[in-house]
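# Structural features, examined
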Amino acid sequence: MTVMSPAAGTREKRDPTPVTETPSADARFYVIMAAVSALLIFAGFAPSFYLKPVIHAPPPLSMLTVVHCVVFTAWMILFVTQASLIATGRAALHRQLGMMGALLFGAMITLGFATAITAGRLGHVPPGAPAPLAFMALPLISFAVTGALVAAALWNRRRSAWHKRLMLAALFSMTGPGTGRLAIPLGFAEQGVWIAVVVSELLLAAAIAYDYMTHKRVHPAYWWSAGAFSFIHISLLWAFSSPDWLAFARAITGG
């Protein structure tokens, strides 16, 4: 008979029994959710970028916008590839490509900030969106939060449970520009911003639900991500009607 010391017994009561993860099932889920996010982004930007050479939709794109979209697309493809590598048991190659992903993300975020500020200065917004300087809050705040999530994921790259959840949440937060544009042909252009925000939150809610159903608990990484998404939502509610945000937007656009 094994005798448990009082200290060990106290520790057992303090720390719940760890839940066994199911890597193969989790990996398939992450591939599916990454693919869904990528398809939403592709569908939203199909008329204005991906299919633009075919349908010749206005307006013409600047070189900055084209480079941003190309880098964004490369990062998105690499993201789905990375998830697929884990699902097929090629973790070593996944790690080898990690530095490329980090560099692409850094370039994409930098170009994204530059593109958003340029669009605000030139007065370019999607149909039905708020005024340009107010709308600029959406990409700038979203990019900042996404950058924080990816930075946290890279910091926790040796803790796979944290890393994969934070990266998936970061991808969810990047679906906004695509899903917002999907609202335009559906007749909900004026609600496009909030549709984009809610769709991102619904994707995260689906991941949280999967976590709970599969592991009987929700990993803390998702709660941190939910807090980050709430910050985006609340910040946009403030920025769209705030004189302080407009003053900040004018300052960074030179307006």
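For the structure itself, look to the data block above.
Residues numbered from 1 in each chain as written. Predicted model: local features only at pLDDT ≥ 70, side-chain atom pairs only at ≥ 80, totals over all residues. Heavy atoms only, no water.

### Here we look at helix H12 (residues 220-239)
Counting along an α-helix, one turn takes 3.6 residues, and residues three or four places apart therefore face a common direction. Here H12 contains 20 residues, and its C-alpha end-to-end distance of 28 Å stays within 8% of the 28 Å for a straight helix at 1.5 Å per residue. Those residues of H12 lying buried are Ala221, Tyr222, Ser225, Ala226, Ala228, Phe229, Ile232, Ser235, Leu236 and Ala239. (Helix = DSSP H or I, 4+ residues; strand = E, 2+ residues; numbered from the N terminus. Expected span 1.5 Å × (residues − 1). Buried < 20%, exposed > 50% of the residue type's maximum accessible area, 1.4 Å probe, protein only.)

### Thoughts on the side chain of Asp26
Take Asp26: it is sitting in helix H2 (residues 23-50). With a relative accessible area of 1%, Asp26 lands in the buried category. Of the polar contacts made by the side chain of Asp26, one reaches the side chain of Tyr210; its length is 3.0 Å. (Polar contact = N/O pair within 3.5 Å; in protein donor to acceptor, adjacent residues only side chain to side chain.)

### Let's talk about empty space enclosed by the protein
For the coordinates displayed, the defined rule picks out one cavity of 30 Å³ or more. Counted as a void, the largest cavity has a volume near 100 Å³. In terms of lining, the largest cavity is formed by Leu138, Ser142, Ser173, Gly176, Pro177, Ala196, Val197, Ser200, Glu201, Phe229 and Ile232. Going through the elements one at a time, helix H8 (137-155), helix H10 (176-182), helix H11 (192-215) and H12 are the ones with two or more residues in the lining of the largest cavity. Counting residues per element, the lining of the largest cavity draws most heavily on H11, at four residues. Looking at the lining of the largest cavity residue by residue, the class counts come to six nonpolar, four polar and one charged. (1 Å grid on protein atoms, 1.4 Å probe; cavity = no way out; pocket = protein on both sides within 12 Å on 5 of 7 lines; lining within 4 Å. Points joined across faces, edges and corners; volume = space filled by probe spheres on them. Nonpolar A, V, L, I, M, F, W, Y, C, P; charged D, E, K, R; others polar.)

### Here's the deal with unusual backbone geometry
Trans peptide bonds make up the majority, and among non-glycine residues the majority have a negative phi. In this structure, Lys216 is a non-glycine residue whose phi angle is positive, near 65°. For Lys216, the position within the fold is in the loop between H11 and H12. We classify Lys216 as exposed; its relative accessible area is 63%.

### Digging into the pattern of salt bridges
Counted according to the given criterion, the structure contains two salt bridges. Its salt-bridge partner being Lys164, residue Asp26 comes within 3.2 Å of it at the nearest N-O pair. Taken as a pair, Asp26 in helix H2 and Lys164 in helix H9 (residues 160-173) lie far apart in primary sequence, 138 residues in all. Owing to a relative accessible area of 22%, Lys164 belongs among the partly exposed residues under this scheme. The closest approach of N and O atoms between Arg165 and Asp211, which form a salt bridge, is 2.8 Å. Taken together, the residues Arg165 in helix H9 and Asp211 in helix H11 connect sequence positions 46 residues apart. In terms of burial, Arg165 and Asp211 fall into one category: buried. (Salt bridge = Lys/Arg side-chain N within 4 Å of Asp/Glu carboxyl O.)

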